[in-house]
Amino acid sequence: MDSKLKNVLHRIETGDVRSAQIYELIDTYYQCVISKVDEYDGDEEPEDTSYPEELLKPLAERESGIAEALSVLIDQGYDVHESDGCFNALMLAAGSADESMTAFLLANGADPYTWPDMDQMPEEWRENFYLEDIDIHYMDACNDRDEAYRTALLHTAQTFVRVSGLRNVAGLCLLVDENGNVSLEPPEYKY
């Protein structure tokens, strides 16, 4: 298991992380294990910003050991849907186009119909945060011409819709019809 994940598990075990433990583990996974933001100084940017190969693998096959770390916390009864006040683990997984993590979280109790701060939005603006986030990321990926990322976003949206049962959702690039078919198409520009 990656040492950064072991460190989070240790901090949870000693009580240094008192809430949103699964969120903390997954945030560390994406930020420090996948993106390695903790290894860059100040304005230094990573050169390779392509979609991470690890996120294309099933959780159990990932070299980082994230599946083992998640199993430890799930077995201890930690809540996969608990947020840090602003974000939850499902927001991170869907926004990272991590189909396997999204499916895992949904299968272990993440609620696809609620998200932090949803009550602060007017009712007419609420569709589904997770699908809206995928929609926005897809539009950005079209500008970046990142085919692997766009494909991962589509697969994540398909898994999310299949598990959640959401229907009739439309966004800038995303469409979920009444049968649960998901399509993501690049935006068409008028001018």
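Up top is the structure these notes are about.
Numbers given for residues are sequential positions, taken from 1 along each chain in its written order. Predicted model: local features are reported for residues with pLDDT of at least 70 only, side-chain atom pairs are reported and counted for 80 or more only, and whole-chain, interface and lining totals are derived from all residues. Values reported for side chains reflect all heavy atoms of the structure, with hydrogen atoms and water molecules removed beforehand.

Undergrad: Explanation requested: the overall build of the protein chain in the structure shown.
TA: By definition, any uninterrupted DSSP run of H or I lasting at least four residues is a helix, any uninterrupted run of E lasting at least two residues is a strand, and each is numbered from the N terminus. For the protein chain, the count of helices and strands is 7 helices and 3 strands. Start at the N end of the protein chain and walk to the C end: the helices and strands fall as α-α-α-α-α-α-α-β-β-β. In this treatment the radius of gyration is a C-alpha quantity, and the globule benchmark scales as 2.2 Å times the residue count to the 0.38 power. Taking 16 Å as the expected radius of gyration for a compact globule of 191 residues, we find that the protein chain reaches 17 Å, a close match to that expectation. Each principal axis of the C-alpha distribution contributes one length, and for the protein chain these read about 55 × 35 × 30 Å. Buried positions account for 42% of the 191 residues belonging to the protein chain. Should any heavy atoms of two residues lie within 4.5 Å, those residues are considered in contact. Sequence-distant contacts in the protein chain: of pairs separated by 6 or more residues, those separated by 24 or more amount to 65%. For accessible areas, the Shrake-Rupley method is used with a probe of radius 1.4 Å. Any residue's cover is judged against the shown protein chains and nothing else. Here the protein chain displays about 10700 Å² of accessible surface, and carbon together with sulfur accounts for 46% of that area. Accessible area is worked out with a 1.4 Å probe on protein chains only. A residue is then buried under 20% of its type maximum, exposed over 50%, and partly exposed in between.

Undergrad: Please explain the pattern of salt bridges as it appears in this structure.
TA: Pairing between side chains becomes possible if they bear opposite charge and their charged atoms approach one another. By salt bridge we mean one thing: a side-chain nitrogen of Lys or Arg within 4 Å of a carboxyl oxygen of Asp or Glu. Within this structure, the stated rule accounts for 6 salt bridges. Of the charged contacts, one joins Lys-57 and Glu-63 as a salt bridge, the two residues approaching to 2.7 Å between their closest N and O atoms. Taking relative accessible area as the criterion, Glu-63 reaches 59% and is therefore assigned exposed.

Undergrad: Would you mind showing me how to read the environment of Leu-154 here?
TA: Summarising the element assignment, Leu-154 is placed in helix H7 (residues 147-164). Beyond its immediate sequence surroundings of up to four residues, Leu-154 is in contact with Val-182 and Leu-184.

Undergrad: What should I look at first to understand the sheet that holds strand S2 (residues 174-176) in this one?
TA: Note on sheets: strands pair through backbone hydrogen bonds, and any given pair is parallel or antiparallel. Read across the open sheet, the 3 strands follow the order S1-S2-S3; overall the sheet is antiparallel. The two strands at the open ends of the sheet, each matched to only one other strand, are strand S1 (169-170) and strand S3 (182-184). Any two strands with at least two DSSP bridges between them are considered paired. Pairing of S1 with S2 involves 2 bridges; the strand directions are antiparallel. Within S2, the residue paired with Ala-170 across the bridge is Leu-175.

Undergrad: What is the right way to read the packing of helix H1 (residues 3-13) against helix H3 (residues 66-75) from this model?
TA: Two quantities define a packed helix pair, namely the angle between the helix axes and the distance between the axes. In contact at an axis separation of 10 Å, H1 and H3 are set at 10 degrees when each is read in the N-to-C sense. Between H1 and H3, the angle falls in the class roughly parallel. From H1, Leu-5, Leu-9 and Ile-12 reach across to H3, where they touch Ile-66, Ala-69, Val-72 and Leu-73. Throughout, the ten residues Ala, Val, Leu, Ile, Met, Phe, Trp, Tyr, Cys and Pro are labelled nonpolar, Asp, Glu, Lys and Arg are labelled charged, and all others, Gly among them, are labelled polar. Split by residue class, the contact of H1 with H3 holds 7 nonpolar, no polar and no charged. Every axis corresponds to a line fitted to the C-alpha atoms, with the helix fit spanning only the stretch in contact, and the corresponding angles, defined between N-to-C directions, vary from 0 to 180 degrees. Roughly parallel here means an angle under 35 degrees, roughly antiparallel means over 145, roughly perpendicular means 65 to 115, and every remaining angle is called oblique.

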